[in-house]
Amino acid sequence: TATVGDAILTGSSATAAGGTEGATNSSVLSGATFTDAKPGDNHAEMTAVITWGDNGPTSNGTVSYSNGTYTVDGAHTYAEEGNHSISIAVKDAGGSTTTITGRATVTDAALSAVGVNVSATEGASFTGAVATFTDANPGDHSAEMTAAINWGNGTSSGVVSYSGGTYTVTGTNTYAEEGTFPVSVSIRDAGGATTDLTTISAGTISTFLAPPSLSYP
């Protein structure tokens, strides 16, 4: 009686994926390959399960064959930017297994901002919106956002809020004298391994003479 073992599978360790956080299936596998000591095209006997390294669900890869090498294809949506370890468990119908390893490098989604022109009165505290912006990563990520406002006569931190897909930067400042002041806002997304910094011109603030009840000596 002859006992014949299943041919050995050998997986690569050079798998990579890119993509942008929140972008549907933008992280696409490349270099996810393996070989089978059994010659010929046996891809119909192969299965591949991909672990994407973000504590999310696994997915089934698609196995193809060309010129002696098998390739696993798959795509994934990462909720956050950063570096993630990828592991692919390959198994053939005869019981042989191998693991393909690699890394996904996911970039931060872009921020896009628009300034708001506002008016204030000298000597009176102004509180209001100075900018709005959007994040290509959908959903409310206001907890990851910070904003710094340059009022033209000093700086302060802004408050970032979210509603209906748009973020608003609100701040408070007092101008001692009337005039026109250029305002800029720096918005930072610090959600993980990378950050996006978008600096915009928030236009100008025109301050007016205070009415007699609000005048200051």
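Source: prediction; values computed, not measured.

Asks: So what's going on with the overall build of the protein chain? Which residues, and what values?
Replies: For the protein chain, the helix and strand inventory stands at zero helices and 19 strands. Counting only residues that meet the buried cut, the protein chain has 35% of its 217 residues in that class. For the protein chain, long-range pairs separated by at least 24 residues make up 62% of all intrachain contacts whose partners lie at least 6 apart in sequence.

Asks: Could you give an account of the pairing of strand E7 (residues 62-66), naming the residues involved and the relevant values?
Replies: On any regular strand, side chains alternate: one points to one face of the sheet, the next to the other face. Alignment of E7 against strand E8 (residues 69-73), held across five bridges, turns out to be antiparallel. From the neighbouring strand, serine 64 faces E8, where its bridge partner is threonine 71. Hairpin geometry of E7 and E8 is characterised by an intervening segment of two residues between the two adjacent antiparallel strands and by a positive phi of about 50 degrees at asparagine 67.

Asks: I'd like a description of the pairing of strand E15 (residues 145-150), backed by residues and values.
Replies: Taking every second residue as pointing to the same face, the buried face of E15 carries Met145, Ala147 and Ile149, while none of Thr146, Ala148 and Asn150 on the other face is buried. Strand direction decides the pairing type here: E15 and strand E16 (residues 155-163), joined by four bridges, are antiparallel. In the sheet register, asparagine 150 faces E16, and the bridge partner there is threonine 155. Counting the residues that bridge the hairpin from E15 to E16 gives four residues, and of these glycine 152 lies at a positive phi of roughly 90 degrees.

Asks: Can you break down the environment of glycine 56 residue by residue, with the values?
Replies: With respect to the secondary-structure elements, glycine 56 resides in the loop between strand E5 (46-51) and strand E6 (59-60). Since its relative accessible area comes to 35%, glycine 56 is described here as partly exposed. Residues glycine 56 and histidine 76, spaced 20 residues apart in sequence, show a C-alpha to C-alpha distance of 9.8 Å.

Asks: Could you give me a rundown of the sheet that holds E8, with the residues and numbers involved?
Replies: Within a sheet, adjacent strands bond to each other through the backbone by hydrogen bonds, running parallel or antiparallel. In spatial order, the strands read E1-E4-E8-E7; together these four strands make up an open sheet with antiparallel pairing. What marks the edges here is a single partner per strand, and that holds for strand E1 (9-11) and E7. Going from strand to strand, the sheet's axes swing by 30 degrees on average, the running direction of each strand aside.

Asks: So, the side chain of histidine 76: which residues are in play, and what are the values?
Replies: Assignment of secondary structure puts histidine 76 in strand E9 (residues 75-76). Side-chain polar atoms of histidine 76 contact the side chain of aspartate 54, separated by 2.8 Å. Each residue touching histidine 76, except ones within four places of it in the same chain, is listed here: Asn25, Ser26, Ser27, Trp52, Asp54 and Pro57.

Asks: Describe the pattern of salt bridges, listing the residues and the values that go with them.
Replies: In this structure the tally under the stated criterion is one salt bridge. The salt bridge partner of lysine 38 is glutamate 45, with a shortest N-O separation of 3.8 Å. Among the residues examined, lysine 38 registers a relative accessible area of 36% and is labelled partly exposed.

Asks: Summarise the environment of valine 130; cite the residues concerned and give the values.
Replies: Along the chain, valine 130 falls in strand E14 (residues 125-135). Spatially, the C-alpha atom of valine 130 lies 5.9 Å from that of threonine 170, the residues being 40 residues apart in sequence.

Asks: I'd like a description of the sheet that holds strand E11 (residues 97-106), backed by residues and values.
Replies: Strand order in the open sheet formed by five strands is E2-E11-E10-E5-E6, with mixed pairing between adjacent strands. The strands lining the two open edges of the sheet, one partner per strand, are strand E2 (15-17) and E6. With ten bridges connecting them, strand E10 (residues 82-92) and E11 associate as antiparallel partners. By the bridge assignment, lysine 91 is partnered in E11 with threonine 97.

Asks: Explain the packing of aromatic side chains residue by residue, including any values.
Replies: Under the defined criterion, the tally for this structure stands at seven aromatic pairs. Here tyrosine 65 and tyrosine 70 contribute two aromatic rings whose centre-to-centre distance is 4.8 Å and whose plane-to-plane angle is 55 degrees, an arrangement assigned as tilted. Ring centres 4.8 Å apart and planes at 55 degrees place the aromatic pair tyrosine 162 and tyrosine 167 in the tilted group. Among the aromatic residues, those joined into a ring-pair cluster are Phe34, Tyr65 and Tyr70.

Scoring rules and cut-offs
- Residues numbered from 1 in each chain as written.
- Predicted model: local features only at pLDDT ≥ 70, side-chain atom pairs only at ≥ 80, totals over all residues.
- Heavy atoms only, no water.
- Helix = DSSP H or I, 4+ residues; strand = E, 2+ residues; numbered from the N terminus.
- Buried < 20%, exposed > 50% of the residue type's maximum accessible area, 1.4 Å probe, protein only.
- Contact = heavy atoms within 4.5 Å.
- Pairing = 2+ DSSP bridges.
- Axes fitted to C-alpha atoms, helices over the stretch in contact; angles between N-to-C directions.
- Polar contact = N/O pair within 3.5 Å; in protein donor to acceptor, adjacent residues only side chain to side chain.
- Salt bridge = Lys/Arg side-chain N within 4 Å of Asp/Glu carboxyl O.
- Phe/Tyr/Trp six-rings, centres within 6.5 Å; stacked < 30°, edge-to-face > 60°.

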